[in-house]
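# Examining the three-dimensional arrangement
The chain contents come next:
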Number of protein chains: 2
Amino acid sequence: MLDNERYTYMASVMKAMAHPTRLFIVDELDKGPKNVGELTAMVGIDMSTISRHLSILRHAGIIAATKNNNQMIYRLLCPCVLDMYKCVLKIKEQED
Amino acid sequence: MLDNERYTYMASVMKAMAHPTRLFIVDELDKGPKNVGELTAMVGIDMSTISRHLSILRHAGIIAATKNNNQMIYRLLCPCVLDMYKCVLKIKEQED
DNA sequence: TGGCTATTTGTCCCTTTTGCCAAATACCTG
DNA sequence: CAGGTATTTGGCAAAAGGGACAAATAGCCA
């Protein structure tokens, strides 16, 4: 398979997005930066789990964090990920 | 989490893309329809595994298949998935 | 029908992912 | 320093993902 490394990298970024909770987080961060507590309250699962989701998105380079006192403020780095939604919706239309 | 079903659906489509071999297949099908044997030769792993990858992409609505004699010809349904690459590359640039 | 080619499906094994709880860490404040 | 709040990390269990091999299925041709 030609250029395997490229595909592996691309897949890793897409995998980071490919989870309902993480897509929700990305959507929320697109509206504005938020801390872990706020996101936890919105999603309604354990904060440790949210923290891990945020870590996955951060390592993929999709979001970034800044420390504010004892809080971590997360923000969306690349709003272009939201364009992926458009394509997914186009696929959905095709099926109906 | 608001509108959970929407996020679950979107995640399932993105998950279908989130694998190096499947991204490669999508890229190849973008150049033109191909049968399972051709894709297997290009990727270099077991045909049964390729077949399952194709099944995953088909169920996600990303590709479609037509039977030609005893071959299955796969084709890309929604070339817009390739636009996702652009965003991933933008993310990569940001990191360097 | 029997054999040949192309593809899919069943099964097994191993690895990764996800979620929870509890413990650790970080930072502020009295 | 002690206590409080915010977040991350370790460990564990359940579930899902990925690959190989063998067996099943489908369609063609003699």
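Computed from a prediction, not measured in an experiment: that's the story for all the values here.

Basis of the calculations
Residues numbered from 1 in each chain as written. Chains lettered and ligands numbered in written order. Predicted model: local features only at pLDDT ≥ 70, side-chain atom pairs only at ≥ 80, totals over all residues. Heavy atoms only, no water. Near = heavy atom within 4 Å. Polar contact = N/O pair within 3.5 Å; in protein donor to acceptor, adjacent residues only side chain to side chain. Helix = DSSP H or I, 4+ residues; strand = E, 2+ residues; numbered from the N terminus. Nonpolar A, V, L, I, M, F, W, Y, C, P; charged D, E, K, R; others polar. Pairing = 2+ DSSP bridges. Contact = heavy atoms within 4.5 Å. Axes fitted to C-alpha atoms, helices over the stretch in contact; angles between N-to-C directions. Least-squares fit on C-alpha atoms with pLDDT ≥ 70 in both. Disulfide = S-S within 2.5 Å. Buried < 20%, exposed > 50% of the residue type's maximum accessible area, 1.4 Å probe, protein only. Salt bridge = Lys/Arg side-chain N within 4 Å of Asp/Glu carboxyl O.

## Details of the protein's contact with DNA strand C
- Surrounding DNA strand C, one finds 24 residues, the nearest of these being A:His53, B:Gly37, B:Ser51, B:Arg52 and B:Tyr74.
- Across the atoms of DNA strand C situated within 4 Å of the protein, the share located in sugar and phosphate is 66%.
- Between DNA strand C and A:His53 there is a distance of 2.6 Å, counted from a phosphate oxygen to a side-chain nitrogen or oxygen.
- Counting only elements with at least two residues in the surface near DNA strand C, the list comes to α4 (47-59) of chain A together with α3 (36-43), α4 (47-59) and β3 (71-76) of chain B.
- Here the element with the most residues in the surface near DNA strand C is α4(A); it accounts for five residues.
- Residues of the surface near DNA strand C, tallied by class, amount to six nonpolar, 12 polar and six charged.

## Quick notes on the sheet that holds strand β3 (residues 71-76) of chain A
Residues and elements named next belong to chain A.
- Taken in spatial order, the three strands make up an open sheet running β1-β3-β2, and their pairing is antiparallel. Each end of this open sheet is capped by a strand with a single partner; those strands are β1 (34-35) and β2 (63-68).
- Two elements, β2 and β3, share six bridges in a ladder whose sense is antiparallel. Across the sheet, Asn-68 pairs through a bridge with Gln-71, a residue of β3.
- Running over the sheet, α4 touches β2 and β3 and is turned about 120 degrees from β2.

## Notes on the relation of the copies chain B and chain A
- Mapping chain B onto chain A calls for a screw motion: a turn of 180 degrees about the axis and a shift of 0.0 Å along it, with 0.0 Å RMSD after fitting. A rotation of that kind, with that shift, is consistent with a two-fold axis.
- By residue overlap, the copies meet face to face through one surface: 100% of the interface positions of chain B are interface positions in chain A.

## Describing the protein's contact with DNA strand D
- Every one of the 23 residues lining DNA strand D counts as a neighbour, but A:Gly37, A:Ser51, A:Arg52, A:Tyr74 and B:His53 are closest to it.
- Atoms of DNA strand D within 4 Å of the protein belong to the sugar or the phosphate in 63% of instances, the rest to bases.
- B:His53 is positioned with one of its side-chain polar atoms (N or O) 2.6 Å from a phosphate oxygen of DNA strand D.
- Within the residue set of the surface near DNA strand D, elements represented by two or more residues are α3 (36-43), α4 and β3 of chain A together with α4 of chain B.
- Of the residues that constitute the surface near DNA strand D, the class distribution is five nonpolar, 12 polar and six charged.

## Describing the state of the cysteines
- Applying the stated criterion across every chain, the model contains two disulfides over all chains.
- Disulfide pairing is shown between A:Cys87 and B:Cys80; the S-S distance is 2.3 Å. Taking the sign of the S-S torsion, 75 degrees for the link of A:Cys87 and B:Cys80, the bridge is right-handed. Here the residue A:Cys87 occupies a position in helix α5 (residues 81-95), and B:Cys80 occupies one in the loop between β3 and α5 (81-95), the pair thus bridging two chains. Exposure class is identical for A:Cys87 and B:Cys80. Each is buried.
- The structure places no disulfide on A:Cys78, whose sulfur is separated from the nearest cysteine sulfur, that of A:Cys80, by 3.3 Å.

## Topic: the pattern of salt bridges
Residue and element names in this part refer to chain A.
- Enumeration according to the criterion identifies four salt bridges over all chains in this entry.
- Note that Lys-31 and Glu-28 form a salt bridge whose closest N and O atoms lie 2.9 Å from each other. Here Glu-28 and Lys-31 lie together in helix α2 (residues 20-31), a separation of three residues that amounts to about one turn.
- Judged by its relative accessible area of 63%, Lys-31 is exposed.
- A relative accessible area of 9% places Glu-28 in the buried class.

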